[in-house]
Amino acid sequence: MTRTRFILLAGLGSVLLLGGAFVFQAFGYAPCKLCLWQRWPHAAAIVIAGLGLIVGWRVLPWLGAAAAATTGAIGVFHAGVELGWWEGPTTCTSGAIGGLSVDDLLAQINAAPLIRCDEIAWSLLGVSMAGWNAIISFALAAIWVMAATRRA
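Given the structure is predicted, the values throughout are model-derived calculations rather than measurements.

(A) Representation of the packing of helix α2 (residues 33-54) against helix α5 (residues 129-149) within the structure. At a minimum axis distance of 12 Å, the contact between α2 and α5 shows a crossing angle of 25 degrees. Judged by the angle between their axes, α2 and α5 are roughly parallel. In the packing of α2 onto α5, the handedness of the crossing is left-handed. Across the interface between the two elements, Gln38, His42, Ala45, Ile48 and Ala49 of α2 pack against Ala130, Asn133, Ser137, Leu140 and Trp144 of α5. For the contact of α2 with α5, the residue count by class is six nonpolar, four polar and no charged.

Next up, the structure:
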């Protein structure tokens with residue numbers, strides 16, 4: 001296979017993983033903070049794949065491999081949090097609160113869904129979504145490395 005095909009395959013893999021995350025979200029599986037963190041490197045890998053197909057710079061497949069490995073590492077961390085091996089982040093995110101009264105702020109807090117990083121929302125064959133993201137992302141990182149080591 002050529003470098004271009006490896007880049008296309010790796011980029012398509014990130015498109016499918018990111019798309020799958022949004023499909024799960026549409027079916028009511030709201031993402032936690034770590035789920036959201038795992039999405040950003042996939043988005044970066046998609047952009048890198050697009051650039052790699054257009055401009056063909058030799059460094060781009062290495063950047064794609066780094067992006068895939070990053071989301072894989074976050075997936076391992078997230079799976080470890082789900083399995084109770086270590087603690088996850090204790091912070092949460094919120095929208096802008098400027099101009100809200102105390103009552104409005106309290107209502108916003110009470111209405112916000114609590115999505116925990118340490119609970120497995122869905123699994124297949126005993127592996128959570130975070131675990132599958134890690135496994136597939138490391139495979140994508142290997143594909144990116146194959147792209148980086150191929151001639152144009």
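(B) The arrangement of the side chain of Ser137 in detail. Secondary-structure assignment places Ser137 in helix α5. A polar contact of 2.6 Å, which involves the side chain of Ser137, links it to the backbone oxygen of Asn133. Once residues within four sequence positions are removed from consideration, Ser137 is found in contact with Leu17, His42, Ala68, Thr71 and Gly72.

(C) Highlighting the nonpolar core. Grouped together as the largest cluster of nonpolar side chains are 15 residues, with contacts concentrated most on Ile7, Ile48, Ala68, Ile143 and Trp144. Sorting the residues of this core by element identifies α1 (3-26), α2, α3 (59-82) and α5 as the ones contributing at least two each. Setting aside its immediate chain neighbours within four residues, Ile7 contacts Ala49, Gly52, Leu53, Pro61, Trp144 and Ala147.

(D) Seen up close, the packing of aromatic side chains. What the rule picks out here adds up to three aromatic pairs. Each ring, one from Phe24 and one from Tyr29, has its centre 5.5 Å from the other, and the planes form 65 degrees; the classification is edge-to-face. Phe24 gets classed as partly exposed once you look at its relative accessible area, which sits at 24%. For Tyr29, a relative accessible area of 31% puts it in the partly exposed group. Pairing Trp85 with Trp86 gives two aromatic rings, centres 5.9 Å apart and planes at 70 degrees, and the pair type is edge-to-face. Assessed through its relative accessible area of 37%, Trp86 is described here as partly exposed. By the ring-pair criterion, three or more aromatic residues cluster together here, those being Phe77, Trp85 and Trp86. Taking NZ or CZ as reference, Arg39 lies 4.7 Å from the ring centre of Phe22, over its face.

Rules used throughout
Residues numbered from 1 in each chain as written. Predicted model: local features only at pLDDT ≥ 70, side-chain atom pairs only at ≥ 80, totals over all residues. Heavy atoms only, no water. Axes fitted to C-alpha atoms, helices over the stretch in contact; angles between N-to-C directions. Helix = DSSP H or I, 4+ residues; strand = E, 2+ residues; numbered from the N terminus. Parallel < 35°, antiparallel > 145°, perpendicular 65-115°, else oblique. Left-handed = near helix turned anticlockwise from the far one by under 90°. Contact = heavy atoms within 4.5 Å. Nonpolar A, V, L, I, M, F, W, Y, C, P; charged D, E, K, R; others polar. Polar contact = N/O pair within 3.5 Å; in protein donor to acceptor, adjacent residues only side chain to side chain. Core = buried A, V, L, I, M, F, W, Y, C linked by side-chain atoms within 4.5 Å. Buried < 20%, exposed > 50% of the residue type's maximum accessible area, 1.4 Å probe, protein only. Phe/Tyr/Trp six-rings, centres within 6.5 Å; stacked < 30°, edge-to-face > 60°. Lys NZ or Arg CZ within 6 Å of the ring centre and 35° of its normal.

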